[in-house]
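Descriptive structure summary
Read off the chains here:
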Amino acid sequence: LGPSLMAFIGFFSWLAVLVSCIPSWPERIAFVFVSHAVAGLLNVQITLSHFSRPIFDTNKEGPRFGGDFYSRNVLASLDVACPTYLDWFHGGLQFQTLHHCYPRLGRQHLRKTEPLIASLCKKHSLPYTSKSFVECNMEVFNTLKDAARSAKKWSPLIYESMCAQG
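Described in the following lines is the structure provided in the data block. What you see is a predicted model; the values in this text were computed from it and never measured. (Residues numbered from 1 in each chain as written. Predicted model: local features only at pLDDT ≥ 70, side-chain atom pairs only at ≥ 80, totals over all residues. Heavy atoms only, no water.)

**Observations regarding a positive patch on the surface**
Put simply, the rule is: Patch definition: residues with relative accessible area over 30% and no salt bridge; like charges joined within 9 Å; nonpolar side chains (Val, Leu, Ile, Met, Phe, Trp, Tyr) joined within 5 Å. Accessible surface is estimated by sampling points in the Shrake-Rupley manner with a 1.4 Å probe; for residues, cover comes only from the protein chains shown. For this document, the term salt bridge refers to a Lys or Arg side-chain nitrogen within 4 Å of an Asp or Glu carboxyl oxygen. Here the positive residues are Lys and Arg and the negative ones are Asp and Glu; neither His nor the chain ends is included. By convention, the charge on Lys lies at NZ, on Arg at CZ, on Asp at CG and on Glu at CD. Secondary structure elements are defined from DSSP: runs of H or I of at least 4 residues count as helices, runs of E of at least 2 residues count as strands, and each element is numbered from the N terminus.
Among the surface-exposed residues, Lys 145, Arg 149, Lys 152 and Lys 153 lie close enough to one another that they form a single positively charged patch. Topologically, Lys 145 is positioned in helix 7 (residues 133-154).

**Here's the deal with the nonpolar core**
So the rule is basically this: We define a nonpolar core as any set of buried Ala, Val, Leu, Ile, Met, Phe, Trp, Tyr and Cys residues linked to one another through side-chain atoms lying within 4.5 Å. Relative accessibility decides the category of a residue: with a 1.4 Å probe and only protein chains considered, values under 20% of the type maximum give buried, values over 50% give exposed, and everything between is partly exposed. Contacts are assigned to residue pairs with any non-hydrogen atoms lying within 4.5 Å of each other.
Counting residues in each nonpolar core, the largest one holds ten residues, listed as Tyr 70, Val 74, Phe 95, Leu 98, Cys 101, Leu 110, Ile 117, Cys 121, Leu 126 and Tyr 128. For this core, the element with the most residues is helix 6 (residues 110-123), which contributes three residues. Beyond its immediate chain neighbours, meaning those up to four positions away, Cys 121 contacts Val 74, Leu 126 and Tyr 128. In this structure, Leu 48, Leu 78, Val 80 and Val 140 belong to the second largest nonpolar core, which totals five residues.

**So, the packing of helix 1 (residues 3-20) against helix 2 (residues 25-50)**
Keep this limit in mind: What counts as an axis is a line fitted to C-alpha atoms, over the stretch in contact for a helix, and the angles between N-to-C directions run from 0 to 180 degrees. Note on angle classes: values under 35 degrees are labelled roughly parallel, values over 145 roughly antiparallel, values of 65 to 115 roughly perpendicular, and the remainder oblique. Here the term charged refers only to Asp, Glu, Lys and Arg, the term nonpolar to Ala, Val, Leu, Ile, Met, Phe, Trp, Tyr, Cys and Pro, and the term polar to all other amino acids, Gly among them.
Running from amino to carboxyl end, helix 1 crosses helix 2 at an angle of 135°, the nearest separation of the two axes being 10 Å. As summarised for this structure, helix 1 and helix 2 are arranged oblique, according to the angle between their axes. Residue-level inspection shows Leu 15, Leu 18, Val 19 and Ser 20 of helix 1 in contact with helix 2, the latter providing Arg 28, Phe 31 and Val 32. When its residues are assigned to classes, the contact of helix 1 with helix 2 shows five nonpolar, one polar and one charged.

**Structural notes on the layout of surface pockets**
For clarity, the cut-off: The definitions used throughout rest on a 1 Å grid laid over the protein atoms alone, on which a cavity is an enclosed set of points accommodating a 1.4 Å probe that cannot get out and a pocket is an open set flanked by protein within 12 Å on both sides along at least five of seven lines; lining residues are those having an atom within 4 Å of a point. Grid points are joined across faces, edges and corners, and a volume is the space filled by probe spheres set on the points.
Of the volumes computed, that of the second largest pocket is approximately 180 Å³. Lining of the second largest pocket is provided by Val 38, Leu 41, Leu 42, Val 44, Gln 45, Phe 89, His 90, Leu 93 and Phe 133. Among the secondary structure elements, those contributing two or more residues to the lining of the second largest pocket are helix 2 and helix 4 (87-90). Each residue belonging to the lining of the second largest pocket can be placed in one class, and the counts come to seven nonpolar, two polar and no charged.

In structure tokens form, the structure reads like this:
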């Protein structure tokens, strides 16, 4: 058995033991659904905040990573602009730039600190990015579309294998 299969078996064995400790079947089912729903929301938040952002210093046209911790984290993060009443829903994760640059800053301080980081980025000509939920989704979609087009140009065989059906 390979390491991936062993990890898969280990996780589901642990999950089965954990769920078996819950007293009733309705509670077990509710736990599994709620835990997976929460994990799914977390996955969406992290995907929006990172997937479309540059992570390597290979973009010839756009801004270059300065090599320093702060610049890399500002360029590699995307904040999701939302009204204050949705802060509970995002749990502070909509402020990924702040989270990466100042990881010990409590989430109760993130919204009031956002203008400070935006002005600091402007002062040092760093592109601080904050977009709406819909705009973030569109950026991720366009990034994935561009990656697929690049794969098609790079190797038609790889592109065809990714689009295989059956």
